[in-house]
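Tertiary structure, described
Below are the chains, spelled out letter by letter.
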Amino acid sequence: MSDRTADLPDAELHAEGFRKTREAQRAALAEDYVELIADLIESGQEARQVDIAARLGVAQPTVARMLDRLAADGLVYRKPYRAVFLTEAGRRIAEESRERHRTVVAFLRSLGVSADTARIDAEGIEHHVSAETLDAFRRALAQAG
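This one's a predicted model, so the numbers in the text were calculated from it and none came from an experiment.

Along the protein, the regular secondary structure elements total 7 helices and 2 strands. For the protein, the succession of helices and strands along the chain, N to C, is α-α-α-α-β-β-α-α-α. By its C-alpha atoms, the protein is 65 × 40 × 25 Å across when sized along the principal axes. Across the 145 residues of the protein, 30% fall into the buried class.

What follows deals with the packing of aromatic side chains. Under the criterion given, the structure shown has 2 aromatic pairs. A ring pair is formed by Tyr77 and Phe85, whose centres lie 5.5 Å apart and whose planes are at 20°; its orientation type is stacked. Classification of Phe85 as buried rests on a relative accessible area of 18%. Relative to Phe137, the ring of Phe107 has its centre 4.0 Å away and its plane inclined at 5°; by these criteria the two rings are stacked. Here the residue Phe107 occupies a position in helix α5 (residues 88–110), and Phe137 occupies one in helix α7 (residues 131–144), the gap between them amounting to 30 residues. Under the relative-accessibility criterion, Phe107 is labelled buried at 16%.

With that settled, the discussion passes to α7. The end-to-end C-alpha distance of α7, which contains 14 residues, comes to 20 Å, matching closely the 20 Å that a straight helix rising 1.5 Å per residue would cover. One or two residues past the end of α7 sits Gly145, with phi positive at roughly 85°.

Another aspect to go through is the pattern of salt bridges. Side-chain pairs of opposite charge can arise where the charged atoms are in close proximity. Taken as a whole and assessed by the stated rule, the structure comprises 12 salt bridges. One salt bridge connects Arg98 with Glu42, and the closest N-O pair in it is separated by 3.0 Å. Here Arg98, found in helix α5, pairs with Glu42, found in helix α2 (residues 11–42); they are 56 residues apart in sequence, far enough to count as distant. Salt-bridge contacts for Arg91 lead to Glu88; the nearest nitrogen and oxygen are separated by 3.1 Å. With Arg91 and Glu88 both in helix α5 and 3 residues apart, the pair spans about one turn of that helix. The class for Arg91 is partly exposed, based on a relative accessible area of 43%.

Definitions and limits used
- Residues numbered from 1 in each chain as written.
- Predicted model: local features only at pLDDT ≥ 70, side-chain atom pairs only at ≥ 80, totals over all residues.
- Heavy atoms only, no water.
- Helix = DSSP H or I, 4+ residues; strand = E, 2+ residues; numbered from the N terminus.
- Buried < 20%, exposed > 50% of the residue type's maximum accessible area, 1.4 Å probe, protein only.
- Phe/Tyr/Trp six-rings, centres within 6.5 Å; stacked < 30°, edge-to-face > 60°.
- Expected span 1.5 Å × (residues − 1).
- Salt bridge = Lys/Arg side-chain N within 4 Å of Asp/Glu carboxyl O.

Quick look at the structure:
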């Protein structure tokens, strides 16, 4: 066995890491949408397809397809000629995503990362970080005072 092979984790453990990453990538997109929809609604605006597309930097047909998927998953509903609304399940996911985002931003800021960079980096990290790691971030923040 070469030295490089000895450094590899067990194949099943290795595969589990990749499986979790793929699952997180699939969930990340849905979480981004429901979080943005919640933000738009709570800011007093309507969550219109055109606004979602502009804020996510994607085309409106892309948003329409994702909204169909989110509706099929029971996370959003639409009224004819109106905006998009979150179901209770969608609101729960949006809040969980926000909480992860706030924790990651706070942790990065505690390390000296600038506010803008922490916000941008948290957009990716928040979807891939485990509950165990988030708990460690929270403990480190609590100890830092």
